[in-house]
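An overview of the molecular structure
Chain by chain, the residues:
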Amino acid sequence: GVTADDPKINLKLPKSVIKEPKTVSVHMFSSKWPHGIRSIEKQKQILIVDYLLRKGYKVYQISSPNQPTLPGVIKPSGTYYDACMNVLKTDFLISCDSGMVFIASAYDHPSLGLFSSGYNPLVPTTKNLQPINPNAIYLESYRGSDISIYKIFESIDELIRKTS
């Protein structure tokens, strides 16, 4: 729950969620795909998935049926609730600036949030709009795709260290 003096939502992991070791969820196409500035370009997503696969991880892609399936991933179908439960069973989530990173935050699920400061032209940064999650790393650029692949890889390595 949330109290007036603590804005952090703290939910208990549902009993139906069974952790699956050496797995990662990726959600890098925003609802505006193929337009908008929050999505991560497909080629960069492929590099991220390949990096995870080479490190021995099984990768679940959480996205809508009309978005492309990335090579080497498992793309489960189902409802938004099913997608949330799939995310929570993995070691960590990599997500563009979307609702999924906020859902993960409510459970303190380890996450890498790739934020786009250009999405909301009224604020110069997303720092005050990012979810509160002590187990998350947030990277930001004007466009999500402009975030350095090397910073993304470094952050993935840090999440692997923390969740292994």
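The structure we're discussing is the one just above.
A short tour of the structure in this document, coming up. Computed from a predicted structure; not experimentally measured.

1. Description of the side chain of Asp-91
- Mapped onto the fold, Asp-91 is located in the loop between helix H2 (80-88) and strand S3 (92-96).
- Although Asp-91 lies buried, it forms no salt bridge, and the closest oppositely charged side chain, Lys-19, sits 6.3 Å away as judged by the N-O distance.
- Engagement of the side chain of Asp-91 in a polar contact is seen with the backbone nitrogen of Lys-22, the distance being 2.9 Å.
- Apart from the residues within four sequence positions on either side, Asp-91 is in contact with Glu-20, Pro-21, Lys-22, Thr-23, Tyr-57, His-109, Pro-110 and Thr-163.

2. Things to note about the environment of Asn-133
- The topology assignment puts Asn-133 in the loop between strand S4 (111-116) and strand S5 (136-141).
- Taking relative accessible area as the criterion, Asn-133 reaches 8% and is therefore assigned buried.
- With 49 residues separating them along the chain, Asn-133 and Cys-84 place their C-alpha atoms 16 Å apart.
- Residues in contact with Asn-133, not counting those within four places in the same chain, are Lys-8, Ala-104, Ser-105, Asp-108, His-109, Ser-111 and Tyr-138.
- From its side chain, Asn-133 meets the backbone oxygen of His-109 in a polar contact 2.8 Å long.

3. Let's talk about the packing of aromatic side chains
- Applying the stated criterion to the full structure yields four aromatic pairs.
- The aromatic ring of Tyr-119 is capped on one face by Arg-38, whose charged end is 4.3 Å from the ring centroid.

4. A look at the pairing of S4
- Counted residue by residue, S4 has six buried out of six residues, so it is predominantly covered.
- Alternating residues of S4 divide into Ser-111, Gly-113 and Phe-115 and Leu-112, Leu-114 and Ser-116, and every residue in both groups is buried.
- In this structure, S3 lies alongside S4, joined through four bridges in parallel fashion. Residue Cys-96 lies in a different strand from S4, and its bridge partner there is Leu-114.
- In terms of handedness, the path from S3 via helix H3 (residues 99-106) over to S4 forms a crossover that is right-handed.
- Sheet topology note: the S4/S5 ladder contains six bridges and is parallel. In the sheet register, Ser-116 faces S5, and the bridge partner there is Ser-141.

Conventions and cut-offs
Residues numbered from 1 in each chain as written. Predicted model: local features only at pLDDT ≥ 70, side-chain atom pairs only at ≥ 80, totals over all residues. Heavy atoms only, no water. Helix = DSSP H or I, 4+ residues; strand = E, 2+ residues; numbered from the N terminus. Buried < 20%, exposed > 50% of the residue type's maximum accessible area, 1.4 Å probe, protein only. Lys, Arg positive; Asp, Glu negative; His and termini not counted. Salt bridge = Lys/Arg side-chain N within 4 Å of Asp/Glu carboxyl O. Polar contact = N/O pair within 3.5 Å; in protein donor to acceptor, adjacent residues only side chain to side chain. Contact = heavy atoms within 4.5 Å. Phe/Tyr/Trp six-rings, centres within 6.5 Å; stacked < 30°, edge-to-face > 60°. Lys NZ or Arg CZ within 6 Å of the ring centre and 35° of its normal. Pairing = 2+ DSSP bridges. Right-handed = clockwise from strand over helix to strand, strands pointing away.

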